[in-house]
Amino acid sequence: MNSDGGIPKILWGVDGRKEIIKNQNNLLLYTSYGPLTLMQIGKGLKGTYIYGKAEPFNEEMEISFSKLVAWTELLGLDIDYAHTSGHANRDHLKWTLDLIKPRFVLPIHTERADLFEHISDNVCRYKNNVRLKLTKNGPVIID
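This write-up is about the structure you can find in this document. What you are looking at is a predicted structure, and each value in this text was computed from that prediction instead of being measured.

Examining the environment of Lys136
- Relative to the elements of secondary structure, Lys136 occurs in the loop between β3 (132–135) and β4 (138–141).
- With 32 residues separating them in the primary sequence, Lys136 and Phe104 have C-alpha atoms 9.1 Å apart.
- Among residues more than four places away in sequence, those in contact with Lys136 are Arg103 and Phe104.

This is the structure:
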(Lines give C-alpha, C1' and ligand atoms only; values in the text may rest on other atoms or scores of the structure.)
Protein backbone atom coordinates (compact mmCIF):
# COMPACT_ATOMS: atom_id res chain seq x y z
CA MET A 1 0.00 0.00 0.00
CA ASN A 2 1.05 3.58 -0.55
CA SER A 3 1.65 5.85 2.41
CA ASP A 4 -1.86 7.26 1.83
CA GLY A 5 -3.35 3.76 2.15
CA GLY A 6 -4.15 3.47 -1.57
CA ILE A 7 -2.95 0.86 -4.00
CA PRO A 8 0.31 1.78 -5.78
CA LYS A 9 0.03 2.67 -9.46
CA ILE A 10 2.53 -0.01 -10.46
CA LEU A 11 2.37 -3.46 -8.88
CA TRP A 12 5.03 -6.12 -9.39
CA GLY A 13 6.79 -8.96 -7.65
CA VAL A 14 5.40 -11.23 -4.95
CA ASP A 15 3.82 -8.37 -2.99
CA GLY A 16 2.39 -6.91 -6.20
CA ARG A 17 0.77 -10.23 -7.13
CA LYS A 18 -0.81 -10.43 -3.70
CA GLU A 19 -2.22 -6.90 -4.04
CA ILE A 20 -3.55 -7.67 -7.53
CA ILE A 21 -5.39 -10.78 -6.30
CA LYS A 22 -6.65 -9.03 -3.15
CA ASN A 23 -7.88 -5.86 -4.92
CA GLN A 24 -8.75 -7.13 -8.38
CA ASN A 25 -12.29 -5.71 -8.31
CA ASN A 26 -10.74 -2.25 -8.21
CA LEU A 27 -7.97 -2.74 -10.73
CA LEU A 28 -7.37 -2.70 -14.44
CA LEU A 29 -4.34 -4.87 -15.14
CA TYR A 30 -2.34 -3.75 -18.17
CA THR A 31 0.35 -5.92 -19.68
CA SER A 32 2.12 -6.14 -22.99
CA TYR A 33 3.48 -9.58 -22.10
CA GLY A 34 0.17 -11.50 -22.05
CA PRO A 35 0.78 -15.12 -21.03
CA LEU A 36 4.02 -14.29 -19.22
CA THR A 37 2.24 -11.90 -16.87
CA LEU A 38 -0.65 -14.32 -16.35
CA MET A 39 1.81 -17.12 -15.47
CA GLN A 40 3.53 -14.89 -12.92
CA ILE A 41 0.30 -13.85 -11.23
CA GLY A 42 -1.12 -17.36 -11.20
CA LYS A 43 -4.58 -18.55 -10.29
CA GLY A 44 -6.94 -16.35 -8.38
CA LEU A 45 -7.74 -13.73 -11.00
CA LYS A 46 -11.33 -13.17 -12.03
CA GLY A 47 -12.54 -11.11 -14.95
CA THR A 48 -11.89 -10.62 -18.62
CA TYR A 49 -8.60 -10.54 -20.48
CA ILE A 50 -8.95 -8.03 -23.33
CA TYR A 51 -6.76 -8.99 -26.27
CA GLY A 52 -5.91 -5.65 -27.86
CA LYS A 53 -3.69 -6.49 -30.79
CA ALA A 54 -4.05 -7.27 -34.45
CA GLU A 55 -5.97 -10.41 -35.33
CA PRO A 56 -3.43 -13.22 -35.82
CA PHE A 57 -2.51 -13.27 -39.52
CA ASN A 58 0.41 -15.69 -39.68
CA GLU A 59 1.32 -19.03 -38.14
CA GLU A 60 3.57 -17.56 -35.43
CA MET A 61 0.85 -15.16 -34.27
CA GLU A 62 -1.76 -17.95 -34.32
CA ILE A 63 0.47 -20.13 -32.10
CA SER A 64 1.07 -17.23 -29.71
CA PHE A 65 -2.65 -16.44 -29.56
CA SER A 66 -3.49 -20.11 -28.92
CA LYS A 67 -1.09 -20.10 -25.95
CA LEU A 68 -2.75 -16.96 -24.58
CA VAL A 69 -6.21 -18.53 -24.90
CA ALA A 70 -4.94 -21.67 -23.12
CA TRP A 71 -3.57 -19.58 -20.24
CA THR A 72 -6.77 -17.56 -19.85
CA GLU A 73 -8.77 -20.81 -19.79
CA LEU A 74 -6.40 -22.38 -17.25
CA LEU A 75 -6.69 -19.35 -14.98
CA GLY A 76 -10.47 -19.09 -15.40
CA LEU A 77 -10.50 -15.76 -17.20
CA ASP A 78 -12.85 -14.81 -20.00
CA ILE A 79 -11.16 -13.45 -23.12
CA ASP A 80 -12.51 -10.71 -25.35
CA TYR A 81 -11.08 -9.03 -28.42
CA ALA A 82 -10.52 -5.33 -29.04
CA HIS A 83 -9.05 -4.81 -32.49
CA THR A 84 -6.39 -2.10 -32.25
CA SER A 85 -4.03 -2.49 -35.20
CA GLY A 86 -5.62 0.05 -37.52
CA HIS A 87 -6.40 -2.73 -40.00
CA ALA A 88 -9.85 -4.24 -40.46
CA ASN A 89 -10.39 -7.68 -38.98
CA ARG A 90 -12.11 -10.52 -40.85
CA ASP A 91 -15.61 -9.78 -39.51
CA HIS A 92 -15.35 -6.10 -40.42
CA LEU A 93 -14.07 -6.94 -43.90
CA LYS A 94 -16.99 -9.31 -44.46
CA TRP A 95 -19.46 -6.72 -43.16
CA THR A 96 -17.96 -4.07 -45.46
CA LEU A 97 -18.01 -6.34 -48.53
CA ASP A 98 -21.59 -7.41 -47.79
CA LEU A 99 -22.60 -3.75 -47.54
CA ILE A 100 -20.76 -2.51 -50.64
CA LYS A 101 -21.29 -5.62 -52.81
CA PRO A 102 -18.29 -4.96 -55.08
CA ARG A 103 -18.05 -6.65 -58.47
CA PHE A 104 -14.42 -7.53 -57.74
CA VAL A 105 -12.24 -7.72 -54.62
CA LEU A 106 -8.50 -7.27 -55.11
CA PRO A 107 -6.67 -7.91 -51.81
CA ILE A 108 -3.59 -5.74 -51.29
CA HIS A 109 -1.34 -5.08 -48.29
CA THR A 110 -2.02 -8.50 -46.81
CA GLU A 111 -0.08 -11.65 -46.05
CA ARG A 112 -3.23 -13.78 -46.28
CA ALA A 113 -5.05 -12.90 -49.49
CA ASP A 114 -6.46 -16.43 -49.45
CA LEU A 115 -8.65 -15.52 -46.48
CA PHE A 116 -10.64 -13.13 -48.67
CA GLU A 117 -11.94 -16.14 -50.59
CA HIS A 118 -13.79 -17.18 -47.41
CA ILE A 119 -15.69 -13.89 -47.24
CA SER A 120 -16.30 -13.05 -50.92
CA ASP A 121 -16.97 -14.91 -54.15
CA ASN A 122 -15.48 -12.08 -56.25
CA VAL A 123 -11.83 -12.24 -55.21
CA CYS A 124 -9.12 -11.66 -57.82
CA ARG A 125 -5.64 -12.76 -56.72
CA TYR A 126 -2.34 -12.19 -58.51
CA LYS A 127 1.32 -12.79 -57.77
CA ASN A 128 3.31 -9.98 -56.19
CA ASN A 129 4.74 -7.29 -58.47
CA VAL A 130 2.26 -7.96 -61.27
CA ARG A 131 1.11 -4.74 -62.92
CA LEU A 132 -2.63 -4.48 -63.34
CA LYS A 133 -5.04 -2.19 -65.10
CA LEU A 134 -8.36 -1.91 -63.30
CA THR A 135 -11.34 -2.03 -65.66
CA LYS A 136 -15.10 -2.25 -65.14
CA ASN A 137 -14.80 -5.94 -66.09
CA GLY A 138 -12.10 -6.60 -63.52
CA PRO A 139 -8.29 -6.38 -63.28
CA VAL A 140 -6.24 -7.02 -66.41
CA ILE A 141 -2.53 -7.87 -66.33
CA ILE A 142 -0.40 -5.40 -68.30
CA ASP A 143 3.15 -5.69 -69.66
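So, a nonpolar patch on the surface
- Judged by side-chain polarity, Trp95, Leu99 and Ile100 come together as a nonpolar surface patch covering roughly 390 Å² of accessible area.
- With respect to the element layout, Leu99 can be found in helix α4 (residues 90–100).

Looking at the pattern of salt bridges
- Taken as a whole and assessed by the stated rule, the structure comprises four salt bridges.
- Of the charged contacts in the structure, one is a salt bridge between Lys94 and Asp98, with a shortest N-O distance of 3.0 Å. In this pair, Lys94 and Asp98 both sit in helix α4, four residues apart, roughly one turn of the helix.
- For Lys94, a relative accessible area of 37% gives the class partly exposed.
- Taken together, the shared-partner salt bridges connect Glu62, Arg112 and Asp114 into one network.

About the criteria used
Residues numbered from 1 in each chain as written. Predicted model: local features only at pLDDT ≥ 70, side-chain atom pairs only at ≥ 80, totals over all residues. Heavy atoms only, no water. Helix = DSSP H or I, 4+ residues; strand = E, 2+ residues; numbered from the N terminus. Contact = heavy atoms within 4.5 Å. Patch = residues over 30% accessible without salt bridge, like charges linked within 9 Å, V, L, I, M, F, W, Y side chains within 5 Å. Areas by Shrake-Rupley, 256 points an atom, 1.4 Å probe, with all protein chains shown as cover. Salt bridge = Lys/Arg side-chain N within 4 Å of Asp/Glu carboxyl O. Buried < 20%, exposed > 50% of the residue type's maximum accessible area, 1.4 Å probe, protein only.

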